[in-house]
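What follows is each chain in one-letter form.
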Amino acid sequence: MKRGIAVLVAVGALFSVAYFTASKWAIKHETITFYDASRDNRPVPVDIAIRFDKEMQANAGMITLPVAVINHGNTVKNTEYGFLANIFAARGYLVVSPQHDLPTDPPMVTKPGELYVGRLPQILRGVANIHLAMQEMKKVQPNADYEKVTMVGHSMGGDITMYFAKQYPDEVKKVVTLDNLRVPFVTAGKFKILSFRSHDPEFKTDPGVIPTEEECEKAGIQVVKTDFQHNDMRDTGPDDAKNSIQGMLDKFLSDTDSTIAPVDTRSAPPKILEPGPVALMAPAKS
């Protein structure tokens, strides 16, 4: 096959993950595992979230689904960001969340003084997983836009997200990060960026990662300073953190998605609320 990748698709048994009920339509989660022959048949489990009605319309060839890729933090499961996936799915996105590290992978060893503190191999592995997932998802759901995707990531996943956006800017529509600490922001202004920052004494952002306020304003980068801890920014975090992030993310998508509208959701995690007590450092100009 092209690029030496032969993929065995295993539609996972994890099809019964909880519904997040909309006023009329539910959001479905399922897991599909792809195998990459170019990396010794490395398995890449992918969690997929999609609204049932949007899936039906796409299958009928009525619409082309926008795509969001969510990248998890180091040693965190790809299924631990449902509160983010459901915001995108409610707006009609096909959400794809690859599992980047496996129990059989050697532990990450940080190396001070090296590029991204020695994490480049893990970042490159994540980029390869994303490209594999996009290539194979075309066979699973061909009526989606895999050419320009919204990249999302927390912590190490945020670094993978930002690195991907830097290396493949023409494949990115917009970027959302939650406390990426190592890879500097893309400041070319080709796409809008929203980034949530924690207030955590144990997780410090490397110098030069976050642009100045002037650079943010010029490049369309919106940086949100919060009082939350680094590890609050996933499903296990407190409700106030998730609600605030959901509210700001929903507003960001509302401002940048001209033709995509959400549906009212009743979910666990809770309903989307208005943004909580967060302070904007450098809001993007409309």
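Keep in mind it's a predicted model, so treat the numbers as computed, not measured.

Chemist: Just checking my understanding: could you explain the confidence of the model for the chain for this structure?
Modeler: It should be kept in mind that the predicted coordinates are not to be read in detail where pLDDT is low. Per-residue pLDDT for the chain has a mean of 85; in total, 81% of the residues score no lower than 70. The low-confidence segment residues 1–24 (pLDDT under 50) makes 61 contacts with residues lying over four places distant or belonging to another chain. The low-confidence segment residues 263–286 (pLDDT under 50) makes 64 contacts with residues lying over four places distant or belonging to another chain.

Chemist: What am I meant to see in helix α4 (residues 156–167) here?
Modeler: Residues spaced three or four apart along an α-helix point in a common direction, a consequence of the helix completing one turn every 3.6 residues. Its twelve residues give α4 an end-to-end C-alpha distance of 16 Å, which sits within 8% of 16 Å, the value for a rise of 1.5 Å per residue. With ten of twelve residues buried, α4 is to be regarded as a mostly interior element. Of all the positions in α4, only Met156, Gly157, Gly158, Asp159, Ile160, Thr161, Met162, Tyr163, Phe164 and Ala165 are classed as buried. In this structure, the buried side of α4 is in contact with β5 (67–71), α3 (120–140), β7 (149–154), β8 (172–178) and β9 (192–197).

Chemist: Could you clarify how one ought to interpret the environment of isoleucine 221 in this entry?
Modeler: Mapped onto the secondary structure, isoleucine 221 falls in strand β10 (residues 221–225). For isoleucine 221 and lysine 192, which are 29 residues apart along the polypeptide, the C-alpha to C-alpha distance reads 6.0 Å.

Chemist: Which parts of the structure should I look at to understand the nonpolar core?
Modeler: In a soluble, globular protein the nonpolar side chains are often hidden away together inside. Ranked by size, the top nonpolar core spans 42 residues in total, and within it Val67, Leu94, Val96, Met134, Met151, Val175 and Ile193 carry the most contacts. Aside from chain neighbours lying at most four places away, what touches methionine 134 is Val67, Val69, Val96, Tyr146 and Val149. Membership of the second largest hydrophobic core comes to 27 residues, among which are Ile27, Ala68, Ile245 and Leu253.

Chemist: Is there a simple way to explain the pairing of β10 in this structure?
Modeler: A regular strand places its side chains on the two faces of the sheet in alternate fashion. In terms of burial, β10 is largely enclosed, as four of its five residues are buried. Here β9 pairs with β10 via five bridges, running parallel. Across the sheet, phenylalanine 196 pairs through a bridge with valine 224, a residue of β10. Taking the sense of rotation as the criterion, the β-α-β connection linking β9, helix α5 (residues 213–219) and β10 turns out right-handed.

What counts and how
Residues numbered from 1 in each chain as written. Predicted model: local features only at pLDDT ≥ 70, side-chain atom pairs only at ≥ 80, totals over all residues. Heavy atoms only, no water. pLDDT = per-residue confidence, 0-100. Contact = heavy atoms within 4.5 Å. Helix = DSSP H or I, 4+ residues; strand = E, 2+ residues; numbered from the N terminus. Expected span 1.5 Å × (residues − 1). Buried < 20%, exposed > 50% of the residue type's maximum accessible area, 1.4 Å probe, protein only. Core = buried A, V, L, I, M, F, W, Y, C linked by side-chain atoms within 4.5 Å. Pairing = 2+ DSSP bridges. Right-handed = clockwise from strand over helix to strand, strands pointing away.

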